[in-house]
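# A structural walkthrough
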Amino acid sequence: MVSAKNAIGTDMPFQYDQYIEATDGYNLILTIDETVQSIVEKHLQEGLEMWGALEGSTAVVMDVNTGAIIALSTKGDYDPNDPFTISEEAEAEIPDIVEEGVQKALEEEEQELNTLQLAVDAAETDEERAQAQQELDAYDRLTSEDIAELRVTLEDQAYAAAQNKQWRNKAVSDTYYPGSVFKMITGSMALEEKIVTEETTYTCTGKWEFGGNIDPIHCWYHAGHGLETFVDGICNSCNPYMIWLGQQLGRQTFFNYFEAFGFTERTGIDLPGEADSLYYDVDGLNVVELATESFGQNFSITPIQMITAICAVANGGYLVQPHVVDRIVDNDGNVIETADTSYKRQVISEDVSARMTKILQRNATSGSGKNGYVPGYRIAGKTGTSEKVALYWQEKAEGKDRGMQYIVSYGGFAPADDPQYALLVFYDEPQIGGASGASQAGPIFAAIMEEILPYLGVEPQYTEEEYANLAEEAPNVIGSTISEAKQILEEQGYGAIVVDYEGDNEDEAVVYTQVPSPGAAIPQGGSVALYVEEPKEEDYVEVPNFVGCSLSDCEYLASLYDLQVVVTGNGDSGGYAQGQSVAAGTRVRRGTVITVSFVSAGGVETAGGTTEA
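Here we summarise the structure given alongside this text.

Reading guide: rules and limits
Residues numbered from 1 in each chain as written. Predicted model: local features only at pLDDT ≥ 70, side-chain atom pairs only at ≥ 80, totals over all residues. Heavy atoms only, no water. Buried < 20%, exposed > 50% of the residue type's maximum accessible area, 1.4 Å probe, protein only. Helix = DSSP H or I, 4+ residues; strand = E, 2+ residues; numbered from the N terminus. Patch = residues over 30% accessible without salt bridge, like charges linked within 9 Å, V, L, I, M, F, W, Y side chains within 5 Å. Areas by Shrake-Rupley, 256 points an atom, 1.4 Å probe, with all protein chains shown as cover. Salt bridge = Lys/Arg side-chain N within 4 Å of Asp/Glu carboxyl O. Pairing = 2+ DSSP bridges. Axes fitted to C-alpha atoms, helices over the stretch in contact; angles between N-to-C directions. Phe/Tyr/Trp six-rings, centres within 6.5 Å; stacked < 30°, edge-to-face > 60°. Contact = heavy atoms within 4.5 Å. Polar contact = N/O pair within 3.5 Å; in protein donor to acceptor, adjacent residues only side chain to side chain. Core = buried A, V, L, I, M, F, W, Y, C linked by side-chain atoms within 4.5 Å. Lys, Arg positive; Asp, Glu negative; His and termini not counted. Charge placed at Lys NZ, Arg CZ, Asp CG, Glu CD. Parallel < 35°, antiparallel > 145°, perpendicular 65-115°, else oblique. Left-handed = near helix turned anticlockwise from the far one by under 90°. Nonpolar A, V, L, I, M, F, W, Y, C, P; charged D, E, K, R; others polar.

## Notes on helix H6 (residues 183–192)
Extensive coverage of H6 is indicated by the burial of nine of its 10 residues. Listing the buried residues of H6 in full gives Lys-183, Met-184, Ile-185, Thr-186, Gly-187, Ser-188, Met-189, Ala-190 and Leu-191. Lys-194 occupies a position one or two residues after H6 and carries a positive phi of about 60°.

## Brief notes about helix H8 (residues 239–249)
Taking burial as the measure, the 11 residues of H8 include nine buried ones, the bulk of the element. The complete set of buried residues in H8 reads Asn-239, Pro-240, Tyr-241, Met-242, Ile-243, Trp-244, Leu-245, Gly-246 and Leu-249. Directly beyond the C-terminal end of H8, a positive phi value near 85° is found at Gly-250.

## A few points about a nonpolar patch on the surface
A contiguous nonpolar surface patch, about 300 Å² in accessible area, is contributed by Tyr-78, Phe-84 and Trp-167. Considering the arrangement of structural elements, one finds Tyr-78 in the loop between strand S5 (69–75) and helix H2 (88–122).

## A short note on the sheet that holds strand S3 (residues 27–30)
Backbone-to-backbone hydrogen bonds pair the strands of a sheet. The strands run either parallel or antiparallel. Strand order in this open sheet of three strands is S3-S11-S12, and the pairing throughout is antiparallel. Sheet topology places S3 and strand S12 (335–338) at the edges, where each strand pairs with a single neighbour. With strand direction ignored, the average angle separating the axes of adjacent strands in the sheet is 25°. As judged from the four bridges shared by S3 and strand S11 (residues 325–329), these two strands associate in the antiparallel manner.

## A few points about the packing of aromatic side chains
The full count for this structure, using the stated rule, is 22 aromatic pairs. Their ring planes at 40° and their centres at 6.2 Å tell us that Phe-255 and Tyr-279 sit as a pair that is tilted. Placement of Phe-255 in helix H9 (residues 251–260) and of Tyr-279 in the loop between H9 and helix H10 (287–294) is noted, with a sequence separation of 24 residues between them. Residue Phe-255 is classed as buried on the basis of its relative accessible area, which comes to 10%. Residue classification places Tyr-279 among the partly exposed positions, given a relative accessible area of 32%. When the ring of Tyr-318 is compared with that of Tyr-343, the centres are 4.5 Å apart and the planes differ by 15°; the resulting orientation is stacked. Placement of the pair is Tyr-318 in strand S10 (residues 318–319) and Tyr-343 in the loop between S12 and strand S13 (345–346), with a sequence separation of 25 residues.

## Digging into the sheet that holds strand S21 (residues 527–531)
Reading across from one edge, S18-S21-S19 is the order of the three strands in this open sheet, with mixed pairing throughout. Single-partner strands in this sheet number two, and they are strand S18 (495–499) and strand S19 (513–515). If you compare each strand with its neighbour and ignore which way they point, the axes differ by 30° on average. This element, helix H16 (residues 482–491), spans S18 and S21 of the sheet and lies at about 155° to S18.

## What about the side chain of His-43?
As for its placement among the helices and strands, His-43 is situated in helix H1 (residues 34–51). Classification of His-43 by relative accessible area gives buried; the value is 8%. A distance of 3.2 Å separates polar atoms of two side chains, one belonging to His-43 and the other to Glu-46.

## Structural notes on the environment of Tyr-177
Among the structural elements, Tyr-177 can be located in the loop between helix H5 (170–173) and H6. The class for Tyr-177 is buried, based on a relative accessible area of 14%. Residues Tyr-177 and Thr-385, 208 residues apart in the sequence, show an inter-C-alpha distance of 9.0 Å. In contact with Tyr-177, not counting residues within four places along its chain, are Gly-296, Gln-297, Asn-298, Phe-299, Ser-300, Ser-386, Glu-387 and Val-389.

## Some remarks on the nonpolar core
Ile-185, Phe-230, Tyr-241, Phe-261, Phe-263 and Met-306 are the most contacted members of the largest nonpolar core, which has 75 residues in total. With sequence-adjacent residues up to four places away left out, Phe-263 is seen in contact with Phe-182, Ile-185, Phe-258, Ser-277, Tyr-279, Ile-301, Gln-305, Met-306 and Ala-309. In this structure, Ala-71, Ala-441, Ala-446 and Val-458 belong to the second largest nonpolar core, which totals 34 residues.

## What to know about a negative patch on the surface
On the surface, a cluster of negative charge is contributed by Glu-88, Glu-89, Glu-91, Glu-93, Asp-96, Glu-100, Glu-155 and Asp-156. Ranked by the residues each element gives to the negative patch, the list is headed by H2, at six residues. Residue placement: Glu-100 occurs in helix H2. On the accessibility criterion, Glu-100 (49% relative accessible area) is partly exposed.

## Describing the packing of H6 against H8
At a minimum axis separation of 10 Å, H6 and H8 run at an interaxial angle of 40°. It follows that H6 is oblique to H8 by the angle criterion. You can see that H6 and H8 cross each other, and the crossing is left-handed. Listed contacts from H8 to Lys-183, Thr-186, Gly-187, Met-189 and Ala-190 of H6 are Asn-239, Met-242, Leu-245 and Leu-249. In terms of residue class, the contact of H6 with H8 is built from five nonpolar, three polar and one charged.

## A closer look at the packing of H8 against H10
Two numbers describe how H8 lies on H10: the axes approach to 8 Å, and their chain directions differ by 125°. If you check the angle between H8 and H10, you find them oblique. Two packed elements cross with a definite hand, and for H8 against H10 that hand is right-handed. Across from Met-242, Ile-243, Gly-246 and Gln-247 in H8, the residues of H10 making contact are Val-287, Leu-290, Ala-291 and Ser-294. Taken together, the residues that form the contact of H8 with H10 break down as five nonpolar, three polar and no charged.

Here it is as structure tokens:
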């Protein structure tokens, strides 16, 4: 209803009165897949708790060919049904923040009073002294009421800051140093410009020397990688090799590609609050700046910019438009508008895209990115462990010294032979375990991909070695006699453990239950525990702690307790157990299969005194 009112606000219906029919709004159909989103959130939260990332984490799944965002998650976040309530951890920090603010105000007051007193003491004439004393006496000192009011203000501010922090979409609104994930971009530039081939060699001595008074930049592997090919340089995540590539490219060419990959402008994603990137323009790319940018340091971009660039590496070199709205429809289902999925531009050739993908697949299979490997799904990926240098110096200036903080990440896509989906995972300021994109972000990347790729219809293609290591489904022998069960199991390549049967006629004794249960995971060549009655207390064993053990030690421990182990992740000779499906100390039935997740400790980059790890 639209009507006229006079000067004092009284309706004038006879002067002007118009009724406008209400119209229904349109509906948004999103690209987000509910199942993929839930999988991403589950694993991202697990990693957040495992690594104690103080500033949260984020993950984005994107269709490499269309820019459609299949899942986007930020942790720690909030309950959408109760958005104004902050987490218990954030609330527990507020008293300390308030006390710090009060103490700062008192210190500032003391400094100002000392300055005024010094002016009194330094006065050379009676007139100057009287004037200085008057200013000192007139100083408005903090009263107990002022401090109480300040506490309330600081508490309100801290609570509001905590709310804003948990509401932020880190993938879109926060910037970060991408670290070694960016090396796939520098490598693509060099291949496209024909500066290198896969076999071009460079000798890494463990650092890059600039000469003069400029400090050298170290490789994460201080001993140096020695003579290595370009493929080795990517798979070893070698900083000096990337610096050498940057110098060969030159600042103008490097910046041209940097701009073409979309790092100098917002992506234009259909979400609010997209941040601007921070970078050196071509004139600011001096020798040190070009060197550090070549391996992903000293410039800040958003995660959404990084995964968009990853998609370009994967899809033939085309820059896509990231979006979460697939189409707009009315209440009758008529399409009003659809997302534009056309490419913005081609950044690298399809040939270079395919070659870099092949290198990244090798990296994810046997290089520094092997903790992101998923058997059968041809993962291509790269790790990153970047320093928060600006924050470090800012905190030092403020008298805080938490040491260097890091962002650990893993970016990649699958399947490498026909790229469909890209995933970027990162954790901000992990506090538990040495900061490493390989051992912290990599396993979470793998866990997410392992669940979402089958769901999204990507068919596995196992090598003979991968197939030999696959877990199988336990056959159902419940209801069979022990003799029959043993025969069935033997024919399918499994052993049998008969528990608590003291009779002598296995042809009549019937299997009441089995472990593992029918259809549950069982290692190839594993055993099934057969029970002729409900398991007794003495049939239960306590699960040992596998974390930190090698694969052989895990298998030995499991055998001591009549348990079995199924391995996920990278259980190579340098690997160690990082997690287990059943917590240590839990009592389970003999024969139970424990899934143990492994990460590789060998040949992966870690933080610790290097410019970029």
